[in-house]
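Secondary and tertiary structure notes
Read off the chains here:
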Amino acid sequence: MAGRGVGCLWKRHVVEQLKQRDRVQRQAFEEIIHQYNRLLERSDLQVVFSERLQTDKYEHQNRHDLSPGVDGGRSDSLQQEMAQMRIKHQEELTELHKKRGELAQNVIELNNQIQQKDKEIQSNEAKMQEYHQQISRLEGECRDLRNSLTDLERANQTLRDEYDALQITFSALEEKLRKTTEDNLELVTRWMAEKAQEANRLNAENEKDTRRRQAKLQKELADAAKEPLPIDQDDDIEVLSEEAAKGTGETSPSRQPGRTPSRRVSQPPPPPGGLLDSISNIFGLSDSVQPGFVPSDSRRRRSVNSFGSPEAAEAPAACADVRVPSTALHIFDAHDGEVNAVRFSPGSRLLATGGMDRRVKLWEVVSGRCEPKGALTGSNAGITSIEFDSAGTYLLAASNDFASRIWTVDDFRLRHTLTGHSGKVLSARFLLDNARIVSGSYDRTLKLWDLRSKVCMKTVFAGSSCNDIVCTEQCVMSGHFDKKVRFWDIRAESIVHELELLGRVTSLDLNHDRTELLTCSRDDLVKIIDLRTNAVRQTFNAQGFKCGSDFTRVTFSPDGSYVAAGSADGVLYIWNVLTGKLEKTLDKGHSSAINSVSWSPSGAYVASVEKGSKAVLWSDM
């Protein structure tokens, strides 16, 4: 309604202005038009008078012709009067013609002005129509904007209501989480107490069982000593040397087995678990639990010594000869998306890869090909690094979901999930005892974890995002976003030394005797740091080599003679450590930037993965 009222007002104003202009212009030209009409009338009268005078003239001439003598004098006077009147009338007529011409010129000018005013009126009417259209369009836009504003106000109100509801829900969930955390801590405390009681009870039972077996053994030995044992000279027992006993079980052809006379016991052999078991217990050959030792998962503890000691585990393959790769033996799609990490097992039999598809995949290296063996699942985000323990039994992986995870390689089972970081975990490594790990995160902290208790033992604030970690027995070395390599003492939780490079540190690796540290940084340089002097000993670079990301991993060869690194253009570069020169460039395998490289402990293979989905197995075969 307000819009209609405004439209009527301006229309009424335009009409009033037009009427005002009409009145002003009519008053200005009305007198001229009136005078012009009067002149026209007088001109018509003059024409009439002129015709009458002509008529009178003819009559006088006729009369003069009829009576020339009588009226001669009077006709002369009449002619003079007529001449004067004619002159006067001619002057008046001339004046009237002159005024008529002026008035005609004024009329023409007025007509031109009227035409010009008509054109102005037409243009104004056209502008008025345009303004009407613009006003209509703007009114429509105003209506649309009012409708949009109304919708936005409704949506805003809805969002406010939802936000309030979510805030209430969040507060309730936060309170619930707090209570759950408290309950969890209480349950963990109670569980630990129960486990301690159970361990004490089992240790006591084992101690009793050990004493009982020792007493039984003493009794059996005493009984056996009382009975005479006849000796048969024809029967003898082969005795092997310690070296032969550790071999395949066959006697060495260069060493004949010694012979000792055997004794035949007249009594029947003791039942299983009797004499032989007791002797085994005395010499520590039994799997039974000794006093003070908790026997949970005893078989696994014997093989890897509770996440670590490789006493009875399969030893890593020794590096007999390192081969500089020259050929891509196998190019295969490793993951659905980017592949971030690659690592050989200590025995070089398995290859592990981790990608953005949240999986760790295991591949068996057979005859120069990688055959799929299985996948380790459980991560909620992309994998950033991979590490085998020294026995190859467990696999440790860091991921972008702020956690590190441990799987058993044989059955692909997820054993532990270590959470506590507030950012992406970019690297995780086993310490040399395999019972502890160190993890470095984007949250600028390093954490030390105990795998027996499954808790974080220490947290160290590094001051910068940690991109990679390597470990010695008592020292942890970390590479950071602020271009520094930091050396940490595990026992003191403090920085022993800092070394600043020229670019962000992307990768660290140790040589076989742990005396040299390999670094890669975003200044496209690969360097070797002598850990005995904490100084850069050697620098490698090459034309075309470019570090592709903040997480590009490089590696030593198993004997420390070569260095392998992948470039952003998909080329694999290999340098000779002894000469410091570029040994080989391999460019026929990858189509995108290489993220990580791993050299097999046997020295026969090199594996590399890229930002695409491919992995390449290299060798000199």
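Residues numbered from 1 in each chain as written. Predicted model: local features only at pLDDT ≥ 70, side-chain atom pairs only at ≥ 80, totals over all residues. Heavy atoms only, no water.

1. Digging into the overall build of the protein chain
The line we're drawing: Numbered from the N terminus, helices here are DSSP runs of H or I no shorter than four residues, and strands are runs of E no shorter than two. When checking whether two residues touch, look at their non-hydrogen atoms; a contact exists if any pair is within 4.5 Å. We get accessible surface area from the Shrake-Rupley algorithm with a probe of 1.4 Å; when it comes to residues, only the shown protein chains can shield them.
Scanning the protein chain for helices and strands turns up 5 helices and 30 strands. Expressed as a percentage of contacts within the protein chain between residues at least 6 apart in sequence, the contacts between residues at least 24 apart total 49%. Summed over all atoms, the accessible surface of the protein chain reaches about 38,000 Å², with 51% contributed by carbon and sulfur.

2. Some words on the sheet that holds strand S16 (residues 466-471)
Whether parallel or antiparallel, the strands of a sheet pair through hydrogen bonds between backbone atoms. Cut-off, in case you're wondering: For two strands to pair, DSSP has to find at least two bridges joining them. With axes taken as lines fitted to C-alpha atoms, and helix axes fitted only over the stretch in contact, angles between N-to-C directions fall between 0 and 180 degrees.
Strand order in the open sheet made by the 4 strands is S16-S17-S18-S19, with antiparallel pairing throughout. At either margin of the open sheet sits one strand with a lone partner, and together these are S16 and strand S19 (494-500). The sheet shows a mean angle of 20° between the axes of neighbouring strands, direction not considered. Bridge analysis of strand S17 (residues 475-480) against strand S18 (residues 484-489) gives 5 bridges, and the strand direction is antiparallel. Among the inter-strand pairings, Gly479 is bridged to a residue of S18, identified as Val485.

3. Section: the state of the cysteines
Which entries qualify depends on this criterion: Defined by distance alone, a disulfide is two cysteine sulfur atoms within 2.5 Å. Buried means the residue's accessible area, taken with a 1.4 Å probe over protein chains only, is under 20% of the maximum for its type, while exposed means over 50%, and partly exposed covers the values in between.
In the structure shown here, the tally under the stated rule is 0 disulfides. Counting only cysteine sulfurs, Cys471 is the nearest neighbor of Cys466, a cysteine outside any disulfide, at a range of 9.9 Å. Residue classification places Cys466 among the buried residues on the basis of a relative accessible area of 0%. Free of any disulfide, Cys471 has its nearest neighbouring cysteine sulfur in Cys475, separated by 8.7 Å.

4. So, the pairing of strand S7 (residues 369-376)
Pairing analysis gives 7 bridges linking strand S6 (residues 360-366) to S7, with the strands arranged antiparallel. Among the inter-strand pairings, Val360 is bridged to a residue of S7, identified as Leu376. Two successive antiparallel strands, S6 and S7, enclose a turn made up of 2 residues, where Ser367 displays a positive phi of approximately 55°.

5. Section: the sheet that holds strand S25 (residues 562-566)
Across the sheet, which stays open at both edges, the 4 strands sit in the order S24-S25-S26-S27 with antiparallel pairing between neighbours. The outermost strands of the open sheet, each flanked by one partner alone, are strand S24 (555-556) and strand S27 (582-586). With 5 bridges connecting them, S25 and strand S26 (residues 572-576) associate as antiparallel partners. Within S26, the position partnered with Tyr562 by the bridge is Asn576.

6. A closer look at the environment of Val324
One can find Val324 in the loop between helix H5 (298-308) and strand S3 (327-333). Taking relative accessible area as the criterion, Val324 reaches 18% and is therefore assigned buried. Sequence spacing of Val324 and Tyr562 is 238 residues, and the spatial spacing of their C-alpha atoms is 8.2 Å. With residues near it in sequence (within four places) discarded, Val324 still touches Tyr562, Ile574, Glu583, Lys584 and Asp620.

7. Things to note about the confidence of the model for the protein chain
Counted only if it meets this: One number per residue, pLDDT, summarises how confident the predictor is, and it ranges from 0 to 100.
Counting all residues, the mean pLDDT for the protein chain is 81, and 81% of those residues have values of 70 or more. Every residue in residues 232-318 is under pLDDT 50, and counting partners more than four places away or in other chains gives 109 contacts.

8. Describing a nonpolar patch on the surface
Rule in force here: A patch is a set of surface residues, each over 30% in relative accessible area and not in a salt bridge, joined within 9 Å for like charges and within 5 Å for the nonpolar side chains Val, Leu, Ile, Met, Phe, Trp and Tyr. What counts as a salt bridge is simple: a side-chain nitrogen of Lys or Arg found within 4 Å of a carboxyl oxygen of Asp or Glu.
On the surface, Leu45, Val48 and Phe49 cluster together into a nonpolar patch covering about 260 Å² of accessible area. With respect to the helices and strands, Phe49 occurs in helix H1 (residues 2-66). Judged by its relative accessible area of 38%, Phe49 falls in the partly exposed class.

9. Some details on the pattern of salt bridges
Summed over the entire model, instances satisfying the criterion amount to 25 salt bridges. A salt bridge links Asp433 to Arg436, with the nearest nitrogen and oxygen atoms 3.0 Å apart. Sharing partners across several salt bridges, the network here consists of Arg343, Glu387, Arg429, Asp468 and Arg553.

10. Re the side chain of His330
Our working definition: Between N or O atoms, a polar contact is any pair within 3.5 Å; within protein, one atom must be a potential hydrogen donor and the other a potential acceptor, and residues adjacent in sequence are included only when both atoms are from side chains.
In this fold, His330 is placed in strand S3. Among the residues examined, His330 registers a relative accessible area of 7% and is labelled buried. Engagement of the side chain of His330 in a polar contact is seen with the backbone nitrogen of Cys370, the distance being 3.0 Å. Among all residues touching His330, those that are not within four sequence positions of it are Gly368, Arg369, Cys370, Ala615, Val616 and Leu617.

11. Quick look at the nonpolar core
To be explicit about the condition: Nine residue types can take part in a nonpolar core, namely buried Ala, Val, Leu, Ile, Met, Phe, Trp, Tyr and Cys, and a core is a set of them joined through side-chain atoms within 4.5 Å.
Within the largest apolar cluster, 16 residues are counted, with the highest numbers of intra-cluster contacts made by Leu518, Val526, Ile528, Phe540, Phe545, Val563 and Trp575. When near neighbours in sequence (up to four residues on either side) are disregarded, Phe545 contacts Asp524, Val526, Ala565, Gly566, Ser567, Tyr573 and Trp575. If you look at the next biggest cluster of nonpolar residues, it comprises 15 residues, including Ala334, Phe344, Leu351 and Ala607.

12. Topic: unusual backbone geometry
If you check the backbone angles, Arg358 has positive phi at about 70° while not being a glycine. Its location among the elements puts Arg358 in the loop between strand S5 (350-355) and S6. Notably, Asn534 is not glycine yet its phi reads approximately 55°, a positive angle. Its place among the elements puts Asn534 in the loop between strand S22 (525-530) and strand S23 (535-540).

13. Let's talk about the pairing of strand S11 (residues 414-419)
The pairing of strand S10 (residues 403-408) with S11 spans 5 bridges and is antiparallel. Considered in S11, the bridge of Trp407 is made with Leu414. Here S10 folds back onto S11, and the loop between the two strands holds 5 residues, one of which, Phe412, carries a positive phi near 60°.

14. Considerations on the packing of aromatic side chains
Counted only if it meets this: Pairing of aromatic side chains requires ring centres within 6.5 Å, counting the rings of Phe and Tyr and the six-membered ring of Trp. Pairs whose planes differ by under 30 degrees are stacked, by over 60 edge-to-face, and all others tilted.
The full count for this structure, using the stated rule, is 6 aromatic pairs. Between Tyr562 and Trp599, the ring centres sit 6.2 Å apart and the planes meet at 25°, which makes this aromatic pair stacked. Of this pair, Tyr562 sits in strand S25 while Trp599 sits in strand S28 (residues 594-599), placing them 37 residues apart in sequence. This pair shows no difference in class: Tyr562 is buried, exactly as Trp599 is. Among the aromatic residues, those joined into a cluster by ring pairs are Phe540, Phe545, Tyr573 and Trp575.

15. As for empty space enclosed by the protein
As a reminder of what qualifies: Here a cavity is any set of points on a 1 Å grid over the protein atoms alone where a 1.4 Å probe fits but cannot get out, and a pocket is any open set with protein on both sides within 12 Å along at least 5 of 7 lines; a residue lines the site when it has an atom within 4 Å of a point. Grid points are joined across faces, edges and corners, and a volume is the space filled by probe spheres set on the points. For this scheme, ten residues count as nonpolar: Ala, Val, Leu, Ile, Met, Phe, Trp, Tyr, Cys and Pro. Four count as charged, namely Asp, Glu, Lys and Arg, and the remainder, Gly too, count as polar.
Tallied over the full model, the rule gives 3 cavities of 30 Å³ or more. The volume enclosed by the largest cavity comes to roughly 170 Å³. Around the largest cavity, the lining comprises 20 residues; the ones closest to its centre are Val342, Arg343, Arg429, Arg553 and Ser596. Going through the elements one at a time, strand S4 (339-344), strand S8 (383-388), strand S12 (425-430), strand S20 (505-510) and S28 are the ones with two or more residues in the lining of the largest cavity. The element that contributes the greatest number of residues to the lining of the largest cavity is S4, accounting for 4 residues. Taken together, the residues of the lining of the largest cavity sort by class into 7 nonpolar, 8 polar and 5 charged. Approximately 130 Å³ is the volume found for the second largest cavity. Contributing to the lining of the second largest cavity are Val438, Leu446, Lys447, Leu448, Lys458, Val460, Val476, Trp488, Asp489, Ile490 and Glu493. Elements that contribute at least two residues to the lining of the second largest cavity include exactly strand S14 (445-450), strand S15 (455-461) and S18. Here the lining of the second largest cavity takes 3 residues from S14, the largest share from any one element.

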